[in-house]
Amino acid sequence: MLQYAWVIPVLPFIGFWWIIFAGRRAPGQGAYVAIGAMLGAALLSVAAFIEVLRGARYDASVVWATVLNRPIEVGYQVDPLTSVMLLVVTVVGSLIFIYSIGYMQGDLRYPRFFAYMSLFASSMLLLVLGNNFLTLYAGWELVGLCSYLLIGFWFERPAAARASMKAFVTTRVGDLFMFLGILLIFLQLGTLNFNEIFSGVETGRLAGGLLTLAAVLVFGGAVGKSAQVPLHVWLPDAMEGPTPVSALIHAATMVAAGVYLVARAYPLFFGTPGHEALTVVAYIGGITAIMAATIGVVQDDIKRVMAYSTISQLGYMMMGLGVLGFTAGVFHLMTHAFFKALLFLAAGSVIHAMHTNDIKQMGGLAKIMPITYVTMVIGALALAGIPPFAGFWSKDEILLEAYHYDQVLYALGAAGAFLTAFYIFRMIIYTFTGSLRSHPAHPHESPRVMTVPLVILAFFSTVIGLAGAPWWDNPFHHFVRFEGAEGAAFDFEFALRSTAIAGLGVLSALVVYHWRLVSAASLRRAFGPLYIAVVHKYYWDELYQYAVIRPVVWAARRLRTFDVYVVDGAVNAIGVVFVWFSRLYRVFDLYVVDGVVNLVAWTAKTMGGVLRYGQTGRPQNYLLIIALGVIALVVVGVIR
Amino acid sequence: MHVGLTHYLVVSTILFCIGLYGVLTRRNAVAILMGIELMLNASNINLVAFNRYLAPGAVGGQTFALVIITLAACEAAVGLALVMAAYRSLETIHVDEINVMKW
């Protein structure tokens, strides 16, 4: 049955075209089409997951084109990693689609929203189904396009338009590296098929420094897409898009594509000498995790807190993969998709009620929005890593792997875990406890179409982590695994320590923001310069402003000057010359060509005018001339 | 006085000139037709006279005269019919007033 897996991405694709063409005439103004297609895909994904669980695998290719006598194949495969991703994308996607009915109600471009979301879902599913770099890359760019379209969905707002551009261009920098990496692999091995590439790596046809280069270049794409340092700057701005978009694309699925890419191409990284490429991945991930977490502490925009949290958690996934914790990284990807989608949707519910993103203006919402409150706390506990919620199992595993691999990375991860718990509960406390600080607002609980997906996601966020629990022999580990990177066994003492770190973070947040034993202002003073650096997001945007944007704009201006004066000048000069030529030709035409034509006509007309006097129309005149002519002839004849 | 060929030819010429004069000067279409008849008869006299004086045994000239008489009759019939038609549609038989085919 797995050979029908191609239907999964096709369903939302059909939905996309249906909604694009039918618009508001589509069932539910497009919403029901999108949700129907997504639920269909979800059912098929569950079926595929069960098949894979029973041991079935599928991998098929067809030749798409031939380049340099090398066949380029496209195809799809279903294996444990793919089936997990399919499940995550379709299940989380379905819930977010349903939620969007409520959140997007009354929007000017309501059908288009669902069309874009369907296209995104289709592209993402294509990405995870591909069994070669070409299919993956096609999906990769399509999700980038959808991300662009959806971040800029409210393009009337200049900030949204700018953010969409920034996201597109920044990820494109990463994609360029990835494309170079793919090209390098293709030139070396002559194939884009994953399995053939991996066997090429195994047999040493691609090895040493070249392999490391290829792996790091491919990782460049993941850095861009998964918002890792130094290309993370687009993701916080991407929060300008509608909240369901942030939840689905910029938290649960698309940004995880980078992690998926590293996981999918794991043998490539694993085969590098001394796991060099994996070390790069681990350190990029570790630095991202701690850096984004510190910024998250000082954000006041509820969605930006989440955005930095997402960057940080993606850093954890990368770190997990980098420290030979293949399963841990993928596991965190899965749990994160559920609890971060939950957090985002809950945040969307809050924004829907408050019409503001600023947590300093909120407060006391716990009583007004109990369902949102409870589900969001569950999400926060999962994110913070408090057992038994989902995030604990995966994050603990990553930290455990890091601990056994590299103490520096472990320290980064542990500090990040503390900060994660701290910032998420800071946000919860600001939003839900105390009293409402913005008096004009009249918050209310969101409609059921929004709260039900929250409850379902909260349920998943609670239980999904148990798939990696040690009590029943850690089933996730047996399902998604990589030979050589199995990871360490569950360590109870270590888990206790992780829990203590997370608990300490929650406790600190309560101390500072709820009980106010230590004032936030004194903390700000105590951290002085660090606080200022963090508030300015470590000056990344400023750095890019001065190091990249200014020089590029400067060069562009110079080139523009060159264009205006030299290229345009040359073109205009040629134009002027030809204008003069044509003026000359015009004179020639007017007086010579037209003159000849007119002369001919004039001659004919004049002759006609003269001769017409002979044509009197009286036969007697003619007869007279004939008679005179005869007489003349006779006279001439007689005289001769 | 002996009447010879020359006399016939003079009569014939006079008759022809009268006919031609009539054709050229009359405005009335019927008068023009009558002029044409005169010219035809002048040529008939010529033919018969030549036949009689130059080739007395032959009948070619007389036969030709008969043909022309027939032709004159036809011509008169057609010409008068045309005059009638012109009169009906244009209410005139003055040739200088019949100028609808002039450009």
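Whatever comes next refers back to the structure up there.
It should be emphasised that the depicted structure is a prediction, and the values quoted were computed from it without experimental measurement. (Residues numbered from 1 in each chain as written. Chains lettered and ligands numbered in written order. Predicted model: local features only at pLDDT ≥ 70, side-chain atom pairs only at ≥ 80, totals over all residues. Heavy atoms only, no water.)

1. Observations concerning the overall build of chain B
Across its full length, chain B carries three helices and zero strands. Put simply, chain B runs from its N terminus to its C terminus through helices and strands in the order α-α-α. For chain B, whose C-alpha radius of gyration is 17 Å, the value lies well above the compact-globule estimate of 13 Å for 103 residues. Considered along the principal axes of its C-alpha atoms, chain B spans approximately 50 × 25 × 25 Å. Taken over 103 residues, chain B has a buried fraction of 27%. The contacts in chain B between residues at least 6 apart in sequence include a share of 60% that link residues at least 24 apart. Summed over all atoms, the accessible surface of chain B reaches about 6900 Å², with 72% contributed by carbon and sulfur. In chain B, 5 side chains carry a positive charge and 5 a negative one; their mean positions are 6 Å apart. (Helix = DSSP H or I, 4+ residues; strand = E, 2+ residues; numbered from the N terminus. Rg over C-alpha atoms; globule rule 2.2 N^0.38 Å. Buried < 20%, exposed > 50% of the residue type's maximum accessible area, 1.4 Å probe, protein only. Contact = heavy atoms within 4.5 Å. Areas by Shrake-Rupley, 256 points an atom, 1.4 Å probe, with all protein chains shown as cover. Lys, Arg positive; Asp, Glu negative; His and termini not counted. Charge placed at Lys NZ, Arg CZ, Asp CG, Glu CD.)

2. What to know about the interface of chain B and chain A
At the junction of the two partners, chain B supplies eleven residues and chain A supplies nine residues. In total, chain B and chain A occlude about 790 Å² of area from one another, counting both sides; carbon and sulfur atoms represent 66% of this. Counting across the interface, chain B meets chain A through zero residue pairs in polar contact (both at pLDDT 80 or more). Of all the elements, helix H1 (residues 5-25) of chain B adds the most residues to the side of chain B that touches chain A, at four residues. In terms of residue class, the side of chain B that touches chain A is built from six nonpolar, one polar and four charged. (Buried area = accessible area lost by both parts, 1.4 Å probe. Polar contact = N/O pair within 3.5 Å; in protein donor to acceptor, adjacent residues only side chain to side chain. Nonpolar A, V, L, I, M, F, W, Y, C, P; charged D, E, K, R; others polar.)

3. A few points about the packing of helix H8 (residues 208-225) of chain A against helix H11 (residues 256-264) of chain A
Residues and elements named next belong to chain A. Two numbers describe how H8 lies on H11: the axes approach to 7 Å, and their chain directions differ by 160 degrees. Comparing their axes, H11 and H8 come out roughly antiparallel. H11 is crossed by H8, and the crossing has left-handed handedness. Listed contacts from H11 to Val218, Phe219, Ala222 and Lys225 of H8 are Ala257, Gly258, Leu261 and Val262. Across the contact of H8 with H11, the residue classes break down as six nonpolar, one polar and one charged. (Axes fitted to C-alpha atoms, helices over the stretch in contact; angles between N-to-C directions. Parallel < 35°, antiparallel > 145°, perpendicular 65-115°, else oblique. Left-handed = near helix turned anticlockwise from the far one by under 90°.)

4. Notes on the environment of Leu38 of chain B
Residues and elements named next belong to chain B. The topology assignment puts Leu38 in helix H2 (residues 29-54). In the structure, Leu38 is positioned 22 residues away from Phe16 in sequence and 6.4 Å away in space, judged by C-alpha atoms. In this structure Leu38 touches Leu15, Ile18 and Gly19, once residues within four positions along its chain are discounted.

5. Some words on the pattern of salt bridges
Tallying each qualifying case throughout the model produces eleven salt bridges over all chains. Close ionic contact of Arg27 of chain B with Glu97 of chain B constitutes a salt bridge, the shortest N to O distance being 3.5 Å. Residue Arg27 of chain B is found in the loop between H1 and H2, and its partner Glu97 of chain B is found in the segment after helix H3 (60-90); the two are separated by 70 residues along the sequence. The exposure class of Arg27 of chain B is partly exposed, given its relative accessible area of 41%. On the basis of relative accessible area, Glu97 of chain B is assigned to the partly exposed category, the value being 41%. Residues joined in a network through salt bridges with shared partners are Lys166, Asp237, Arg304 and Asp541 of chain A. (Salt bridge = Lys/Arg side-chain N within 4 Å of Asp/Glu carboxyl O.)

6. A word on the packing of aromatic side chains
Residue and element names in this part refer to chain A. Under the defined criterion, the tally for this structure stands at 39 aromatic pairs over all chains. For the pair Phe16 and Trp17, a centre-to-centre distance of 4.9 Å together with 65 degrees between the ring planes defines the contact as edge-to-face. The class of Phe16 is buried, set by a relative accessible area of 9%. A relative accessible area of 39% means that Trp17 is categorised as partly exposed. Residues Phe49 and Phe479 carry aromatic rings whose centres are separated by 5.3 Å and whose planes lie at 75 degrees to one another, so their mutual orientation is edge-to-face. With Phe49 in helix H2 (residues 31-53) and Phe479 in helix H21 (residues 475-479), this pair connects stretches of sequence that are 430 residues apart. On the basis of relative accessibility, which here comes to 13%, the residue Phe479 falls in the buried class. Three or more aromatic residues link up through ring pairs in this structure, and these residues are Phe97, Tyr110, Phe113, Phe114, Tyr116, Phe153 and Trp154. (Phe/Tyr/Trp six-rings, centres within 6.5 Å; stacked < 30°, edge-to-face > 60°.)

7. As for the pairing of strand S1 (residues 58-67) of chain A
Consecutive residues of a regular strand have side chains that alternate between opposite faces of the sheet. Residues and elements named next belong to chain A. Here S1 pairs with strand S2 (residues 70-78) via nine bridges, running antiparallel. In the strand pairing of S2, Val62 is matched with Val74. If you look at the hairpin formed by S1 and S2, you'll find two residues sitting between the two strands, and Leu68 has a positive phi there, around 55 degrees. (Pairing = 2+ DSSP bridges.)

8. Some words on the nonpolar core
Nonpolar side chains in soluble globular proteins tend to be buried together. Residue and element names in this part refer to chain A. If you look at the biggest cluster of nonpolar residues, it comprises 195 residues, and the most contacted ones within it are Phe133, Leu268, Phe269, Phe326, Met376 and Ile424. In terms of residue count, helix H15 (residues 326-354) provides more of this core than any other element does, 19 residues in total. When residues no more than four places from it in sequence are discounted, the contact partners of Phe326 are Leu81, Ala263, Tyr266, Gly320, Leu321, Val480, Arg481, Phe482 and Ala485. Membership of the second largest hydrophobic core comes to 16 residues, among which are Ile398, Leu400, Ala417 and Ile501. (Core = buried A, V, L, I, M, F, W, Y, C linked by side-chain atoms within 4.5 Å.)

9. As for H8 of chain A
All names here are of chain A. The end-to-end C-alpha distance of H8, which contains 18 residues, comes to 26 Å, matching closely the 26 Å that a straight helix rising 1.5 Å per residue would cover. The buried fraction of H8 amounts to 13 of the 18 residues, a majority that puts the element mostly inside the structure. Within two residues after H8, Ala227 carries a phi angle of roughly 55 degrees, on the positive side. (Expected span 1.5 Å × (residues − 1).)

10. Section: a nonpolar patch on the surface
Together, Val587, Phe588, Leu590, Tyr591, Val592, Val593, Val596, Val597 and Val600 of chain A line one region of the surface with nonpolar side chains, adding up to about 820 Å² of accessible area. As for its placement among the helices and strands, Val596 of chain A is situated in helix H24 (residues 540-611). (Patch = residues over 30% accessible without salt bridge, like charges linked within 9 Å, V, L, I, M, F, W, Y side chains within 5 Å.)

11. Things to note about unusual backbone geometry
Residues and elements named next belong to chain A. Backbone torsion omega between Val229 and Pro230 reads 5 degrees, so that peptide bond is classified as cis. Tracing the sequence through the fold places Pro230 in the loop between H8 and helix H9 (234-237). Pro387 connects to Pro388 through a cis peptide bond whose omega is 5 degrees. Tracing the chain through its elements places Pro388 in the loop between helix H17 (370-384) and helix H18 (390-405). One non-glycine residue, Leu324, lies in positive phi territory at about 65 degrees. Relative to the elements of secondary structure, Leu324 occurs in the loop between helix H14 (302-322) and H15. On the accessibility criterion, Leu324 (18% relative accessible area) is buried. You will see that Arg516, though not glycine, has its phi angle at about 55 degrees, which is positive. Assignment of secondary structure puts Arg516 in the loop between helix H22 (492-514) and helix H23 (520-535). Using a relative accessible area of 60% as the deciding quantity, one classes Arg516 as exposed.

12. A word on H17 of chain A
All names here are of chain A. Given a rise of 1.5 Å per residue, 15 residues ought to cover 21 Å, and the 21 Å separating the end C-alpha atoms of H17 matches this to within 8%. The buried count for H17 comes to eleven of 15 residues, which makes it a mostly enclosed element. Every buried residue of H17 is accounted for by Thr372, Thr375, Met376, Val377, Ile378, Gly379, Ala380, Leu381, Ala382, Leu383 and Ala384. Of the surrounding elements, those touching the buried residues of H17 are H14, H15, H18, helix H19 (407-432), helix H20 (448-463) and H22. Positive backbone phi, approximately 90 degrees, marks Gly385, located one or two places after H17.

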